[in-house]
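One letter stands for each residue in the lines below.
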Amino acid sequence: MKNIGLYLHIPFCRSKCPYCDFYSVKADASVREQYATALKKRIKAEMDDLDCKADTLYIGGGTPSVLGAEKLSEIVNSATPYLASDAEITVECNPYALSADFFKTLAFSGVNRISMGLQSANDAERRSLGRLSDSETVKNAVLDAQNAGITNISLDVMLGIPRQTEKTLANTLDFCVSLGVPHISAYILKLEEGTVFYRKQNSLALPDDDAAADLYLQTCETLERNGITQYEISNFGKHGFESRHNIKYWNCDEYLGIGPAAHSFINGKRFYFERDLNAFYGGAKPVPDGSGGDFTEYAMLRLRLAEGLLHSETEKRFGHKIPDEMIKKSAFFADKGFMELDGNGIRLTRKGFLLSNSILAEIL
Amino acid sequence: MQKKEFIRNFSIIAHIDHGKSTLADRLLELTETVAKRDMQEQLLDNMDLERERGITIKAHAVKLDYKAADGNTYELNLIDTPGHVDFNYEVSRSLAACEGAVLIVDASQGVEAQTLANTYLALDHDLELVPVINKIDLPAADPERAAKEVEDIIGLDCSEAPRVSAKTGENVEKVLESIVKNVPAPENNDQKPLRALVFDSVYDSYKGVIVYVRVVDGQIRAGDTMRMMATGAEFTVVEVGYMRPTFMEKTDVLSSGEVGYITASIKTVGDARVGDTVTTAENPASEALPGYRKVNPMVFCGVYPADGADYEALRDALEKLQLNDAALSFEPETSGALGFGFRCGFLGLLHLEIIQERLEREYNLDLVTTVPSVIYKIHLTNGEMAEIDNPSRYPDPAAIDYAEEPTVEAHIYAPPEYVGAIMDLCQDRRGVYIGMTYLDSDRVDLHYKLPLNEIIYDFFDALKSRTRGYASFDYELSDYQRSSLVKLDVLLNGDTIDALSFIIHSEKAYARARKIAEKLKDNIPRQMFEIPVQVAIGSKVIARETVKAMRKDVLAKCYGGDITRKKKLLEKQKEGKKRMRQFGTVEVPQEAFMAVLKLDDE
């Protein structure tokens, strides 16, 4: 029996961050209650239907932690019957106003991985990103989680944010390293249409593209020196701490997403739930989003990974090696230092990751 | 000699914006009220016909019935003239079809460059001028000053000139009276063999070419075999008639003195060119009317479809436009950089812009055009002479004895305070000062000889901006003169981009080369590799810039919900690449191309 990834979307936030375009709304206690109930029901319905297990569970958002430890535990418990025994169970948290008990309760329900939004250890930078807590709060939350026995912790860091310099970034990375977290996600700020940042971009004092590229390379190098190795364009982990759930996305593996705006890829089909809470309560069927899993898509996703696109895996899935044409084009980029190419396959270098869109448009 | 005493044929001439169209509209309105009351039935019939055919007949010429103060009804033929120097020849043919011209002068502006240029054209054709002072409703209007300018500069008595406002309609009927009174009636030459002057022709997809004529001698009717005297082509006349403001009025016969149309299933306007004389095969005239010449393009450029797949569509569109525009020429051309396209010839830059706009708007084509060029005469050391309008055919400099370029004589009219600025501009454009005349205390005529290639792209804009819009400008072709020319090549990443090459005077080569290099640097988006931009004369690089390498593109996270979006983005990125021109290893978006072609002066 195959194992899929299970994703549960919690579409609530205390407040909207000015750069974020994910689906989230504000919710009072009764809405949270209603949603948790609906979600549990839906997990059972969808998973009974599929007749398979999930070996990863990821509760993301929004801000799952706004539901509180009790409800999160209930939700995890409702999914437990469908989980493999060694499942990776991640909950995303906003470190604001979390207690030591919060983590203890989660740990008790089986949660074994926490992903937290640090974004920056510099409080001025954090404020410009709309973060309500200071870095000390983040530090305490990490310690609380660790004390509760959850050591597999990931911190999100943002690059290319307003006023960020090489120095402030170095401080942020030091902050992460000194806390001993085994995983970092580092994203270059992208201005999404419809966000506050998008509207205000000219007054934000954002580092330019060249500076952002330098910050990215600085991050890769600093983390690498500290044993936190890059395994994806934006993700870094100590050996064995790579996100098993997220790797499913980049390996073109199957996953089921439940909740408004959650996406799924099952049996070659992509589909998603509408960004509409009431539709979800009403039991709306997911919206088809075309087929997935062809070679181009697989290659596009695999090339996000440091491991790259491998002949052996390609052969296993598609019955052929990486096409010669693609190898030939990659050789051109390898020559310029954007890619590497050997008997195992092809992959992007860091310099290549920075230009992955352009390069993929050429070689795929 | 007998006259056709109730016919008047006239044009309206004016400087741009002095109110020609508005006055024409008023005249139509004033006379159409009469027409409507008297000819209700006919008007309705013909409107049906027009509705059926789904076209609006353009008023290139229009017949108006006017009941004058003397109690007689006159047939007034108003013949429209294009208002731009590019179409000077057409203007001259329209004037040749008339006995008189209404000269409009703006009461606030007075005499301007095109006022004079058009006046001279009209006087060349012995037209009686009917001065009209327009825009008396404007606060800044000074009709008496404008009238005095006309008297002083043109030498035309304005004591009786109607002071009108075409906008409000004030005094407009006086213009009609003045036409009846002052424009001579045409002669009655009905008994002579047919001679009719073609002053315009338009292509109509139902009737074929509609030929607009002024009958000078004889008569023409349906069934006659018409013969074009310049080309010898013969056609059987299907229909003759008059142009009314909103419809075409079929008639049995067009006689001397009259203005009307002929249809004869003619396929392209090239078969009935403006300026040609129509006679009949049965009773041909011995001599054509004077003045016919084939208009030749003066400005050339390559026109390429942005998407190579549109090549056939572009050819179709050019063919269709040519049906209606005998001055447009084109022939296939290939560019290493731009692929398949056409070398097109135009009367001038305005003509070029009009054609380009029509191709883009009416035919939905995305175009890339190359730098416009004039025709250079390159004299080779072997004694031969090559006419070059395309930089790609520019001979090896070693084989060139000397080169010649076309010049124009230009008149620039402006208030005296701008003389310095205009002289600087003309100097900068390699102009040779010929003279300066004070037309009156606040208007100067600066007379320059200028190389044509210095005025074909942006001279008029530069002139306007240096004189805050006060200067007016007119020119006519002059002779060829010896010139020191070089060909500039643009190299991207070491590859010559043939479509960006152009011919320029050697003194201007360095400045232009630097500007081009800068423009390209600013307009070529950074790519994965550094791109050297070089501008060279032969193998000698005279300007260099570098487009820095792009270091990062948008790095978005990619989780479960992002994959479809990411895939679409990738497709879009690939699609976007198609809109780029691939030059060797360098991709140049069309916008960068256009920016280089539209180098402005500032």
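Note that the structure is predicted; figures quoted are calculated from it, not measured.

**Focus: the sheet that holds strand β13 (residues 309–310) of chain A**
All names here are of chain A. Strands sit in the order β13-β15-β14 across an open sheet of three strands; the sheet is antiparallel. At either end of the open sheet lies a strand with only one pairing partner, and these are β13 and β14 (339–341). Note: β14 against strand β15 (residues 345–348), three bridges, orientation antiparallel. Residue pairing for β15: Glu340 is matched across the bridge by Arg347.

**Observations concerning the nonpolar core**
Residues and elements named next belong to chain A. In this structure, Phe103, Ile114 and Leu155 are the most contacted members of the largest nonpolar core, which totals 114 residues. Counting the residues that make up this core, at least three belong to each of domain 1 (4–249) and domain 2 (309–364). Other than its neighbours up to four places away in sequence, Ile114 contacts Val91, Cys93, Phe103, Leu106, Ile150, Asn152, Ile153 and Ser154.

**Focus on the pattern of salt bridges**
Residues and elements named next belong to chain B. With the rule as written, the count across this model stands at 47 salt bridges over all chains. Between Arg361 and Glu357 there is a salt bridge, with its nearest N and O atoms 3.3 Å apart. In this pair, Arg361 and Glu357 are both assigned in helix α8 (residues 349–362), four residues apart and thus about one turn of the helix distant. On the basis of relative accessible area, Arg361 is assigned to the exposed category, the value being 64%. For Lys508, the salt bridge is made with Glu454, and the minimal N-O distance between the two is 3.3 Å. Of this pair, Lys508 sits in helix α12 (residues 506–523) while Glu454 sits in helix α10 (residues 452–455); the two residues are 54 residues apart in sequence, bridging distant segments of the chain. Overall, the relative accessible area of 8% leaves Glu454 in the buried class. Salt bridges sharing partners connect three or more residues here, namely Glu405, Arg430, Glu454 and Lys508.

**Here we look at a nonpolar patch on the surface**
All names here are of chain B. A cluster of nonpolar side chains, Tyr433, Met436 and Tyr438, forms an exposed patch at the surface whose accessible area comes to about 310 Å². Positionally, Tyr433 belongs in strand β23 (residues 432–440). Its relative accessible area of 41% is what places Tyr433 among the partly exposed residues.

**Quick word on unusual backbone geometry**
Following A:Gly61, the chain continues to A:Gly62 via a peptide bond in cis, the omega torsion being 25°. Relative to the elements of secondary structure, A:Gly62 occurs in the loop between β2 (53–61) and α2 (68–79). Within the chain, B:Asn493 stands out as a residue other than glycine whose phi angle is a positive 55°. Positionally, B:Asn493 belongs in the loop between β26 (485–492) and β27 (495–496). B:Asn493 sits in the partly exposed class, given a relative accessible area of 33%.

**As for the environment of B:Tyr559**
Along the chain, B:Tyr559 falls in the loop between β30 (540–547) and α13 (563–578). Setting aside anything within four residues of it in sequence, one finds B:Tyr559 in contact with A:Ser185, A:Tyr187, A:Asn235, A:Asn246, A:Tyr249 and A:Trp250. A polar contact is formed between the side chain of B:Tyr559 and the side chain of A:Asn235, at a distance of 3.3 Å.

**Thoughts on the interface of chain A and chain B**
Between chain A and chain B, the residue contacts involve 44 residues of the former and 27 residues of the latter. Interface of chain A and chain B: buried area, both sides summed, is about 3400 Å²; carbon and sulfur atoms make up 58% of it. Where chain A meets chain B, there are six salt bridges. Linking A:Glu297 and B:Lys567 is a salt bridge whose minimum nitrogen-to-oxygen distance equals 2.5 Å. Between chain A and chain B we count 16 residue pairs in polar contact (both at pLDDT 80 or more) in total. Secondary structure elements with two or more residues in the side of chain A that touches chain B: β6 (183–188), α8 (209–225), α9 (244–250), β12 (287–291), α11 (295–302), α13 (324–335), α14 (350–354) and α15 (356–363) of chain A. Looking at the side of chain A that touches chain B residue by residue, the class counts come to 23 nonpolar, nine polar and twelve charged.

**Some points on the packing of aromatic side chains**
The geometry of two aromatic rings is summed up by the distance between their centres and the angle between their planes. Applying the stated criterion across every chain yields a total of 28 aromatic pairs over all chains. Here B:Phe330 and B:Phe342 contribute two aromatic rings whose centre-to-centre distance is 5.6 Å and whose plane-to-plane angle is 90°, an arrangement assigned as edge-to-face. With B:Phe330 in strand β17 (residues 329–335) and B:Phe342 in strand β18 (residues 339–346), the pair connects residues that are twelve residues apart, well separated along the chain. Look at B:Tyr433 and B:Tyr448: their rings are 5.7 Å apart centre to centre, the planes differ by 75°, and that puts the pair in the edge-to-face class. Remark: B:Tyr448 occurs in strand β24 (residues 443–451) and B:Tyr433 occurs in strand β23; sequence separation between them is 15 residues. Given a relative accessible area of 4%, B:Tyr448 falls into the buried group. Site record: aromatic cluster; members linked through ring pairs are A:Tyr187, A:Tyr231, A:Tyr249, A:Trp250, A:Tyr255, A:Phe265 and B:Tyr559. Between the NZ or CZ atom of A:Lys336 and the centre of the ring of B:Phe529, over which it lies, the distance is 5.1 Å.

**Some remarks on the state of the cysteines**
All names here are of chain B. Inspection of every chain in the model, using the stated rule, returns zero disulfides over all chains. Of the cysteine sulfurs around Cys301, a residue in no disulfide, the closest is that of Cys344, at 6.4 Å. Residue classification places Cys301 among the buried positions, given a relative accessible area of 1%.

**Notes on helix α5 (residues 135–147) of chain A**
Residues and elements named next belong to chain A. Compared with the 18 Å implied by 1.5 Å per residue over 13 residues, the 18 Å span of α5 between its first and last C-alpha is a close match. Buried residues along α5 sit in contact with α3 (100–109), β4 (113–119), α4 (123–128), β5 (153–159) and α6 (166–179). Backbone geometry just after α5 places Gly149 at a positive phi near 95°.

**Here's the deal with the environment of A:Leu217**
Relative to the assigned elements, A:Leu217 resides in helix α8. Here the alpha-carbon distance between A:Leu217 and A:Arg350, two residues 133 residues apart in the chain, equals 7.2 Å. Apart from residues lying up to four places away in sequence, A:Leu217 is in contact with A:Arg350, A:Leu354 and B:Arg551.

**A short note on the side chain of A:Gln218**
By the element assignment, A:Gln218 lies in helix α8. Leaving out residues up to four positions away in the same chain, A:Gln218 has contacts with A:Glu166, A:Leu169, A:Ala170 and A:Leu173.

**Considerations on the sheet that holds strand β16 (residues 299–305) of chain B**
Residues and elements named next belong to chain B. Taken together, four strands build an open sheet; the order of strands is β17-β18-β16-β19 and the sheet is antiparallel. A single partner strand is all that each edge strand has here, and the edge strands are β17 and β19 (367–369). Here the strands of the sheet are splayed against their neighbours by 30° on average, with no regard to which way each runs. Sheet topology places β17 next to β18; seven bridges connect them, and they run antiparallel. Bridge pairing in β18 links Glu331 to Arg343.

**Here we look at the confidence of the model for chain B**
Residues and elements named next belong to chain B. Taken as a whole, chain B shows an average pLDDT of 86; of its residues, 92% reach a score of 70 or greater. Here residues 34–59 is modelled with pLDDT under 50, and outside its nearest four sequence neighbours on either side it reaches 24 contacts, counting other chains as well. Among the prediction metrics, the complex's ipTM stands at 0.89, with pTM recorded as 0.66.

**Thoughts on α8(B)**
Residues and elements named next belong to chain B. Here α8 is 14 residues long and its end C-alpha atoms lie 19 Å apart, about the 20 Å a rise of 1.5 Å per residue gives. Those residues of α8 that sit buried are Leu349, His351, Leu352, Ile355, Gln356 and Leu359. Buried residues of α8, seen end-on, are gathered within an arc of 160° and therefore sit on one face of the element. One or two positions beyond α8, positive phi appears at Asn364, with a value near 55°.

**Description of the pairing of β18(B)**
Residues and elements named next belong to chain B. Of all eight residues making up β18, six are buried, and the element is well covered by its neighbours. Here five bridges tie β16 to β18, and the two strands are oriented antiparallel to one another. Paired with Phe300 across the bridge in β18 is Gly345. The hairpin formed by β17 and β18 contains three residues between the paired strands.

**Remarks on the pairing of strand β6 (residues 195–204) of chain B**
Residues and elements named next belong to chain B. For β6, the tally of buried residues reaches nine of ten residues, placing the bulk of the element in the interior. In the sheet, β6 pairs with strand β7 (residues 208–217) via nine bridges, with the strands oriented antiparallel. Across the sheet, Asp200 pairs through a bridge with Tyr212, a residue of β7. When β6 meets strand β15 (residues 277–280), the two strands line up antiparallel, connected through two bridges. Along β15, the bridge assignment pairs Ala196 with Val278.

What counts as what
Residues numbered from 1 in each chain as written. Chains lettered and ligands numbered in written order. Predicted model: local features only at pLDDT ≥ 70, side-chain atom pairs only at ≥ 80, totals over all residues. Heavy atoms only, no water. Pairing = 2+ DSSP bridges. Helix = DSSP H or I, 4+ residues; strand = E, 2+ residues; numbered from the N terminus. Core = buried A, V, L, I, M, F, W, Y, C linked by side-chain atoms within 4.5 Å. Buried < 20%, exposed > 50% of the residue type's maximum accessible area, 1.4 Å probe, protein only. Domains from an automatic or database assignment. Contact = heavy atoms within 4.5 Å. Salt bridge = Lys/Arg side-chain N within 4 Å of Asp/Glu carboxyl O. Patch = residues over 30% accessible without salt bridge, like charges linked within 9 Å, V, L, I, M, F, W, Y side chains within 5 Å. Areas by Shrake-Rupley, 256 points an atom, 1.4 Å probe, with all protein chains shown as cover. Polar contact = N/O pair within 3.5 Å; in protein donor to acceptor, adjacent residues only side chain to side chain. Buried area = accessible area lost by both parts, 1.4 Å probe. Nonpolar A, V, L, I, M, F, W, Y, C, P; charged D, E, K, R; others polar. Phe/Tyr/Trp six-rings, centres within 6.5 Å; stacked < 30°, edge-to-face > 60°. Lys NZ or Arg CZ within 6 Å of the ring centre and 35° of its normal. Disulfide = S-S within 2.5 Å. Expected span 1.5 Å × (residues − 1). Axes fitted to C-alpha atoms, helices over the stretch in contact; angles between N-to-C directions. pLDDT = per-residue confidence, 0-100. Arc of directions from axis to C-beta.

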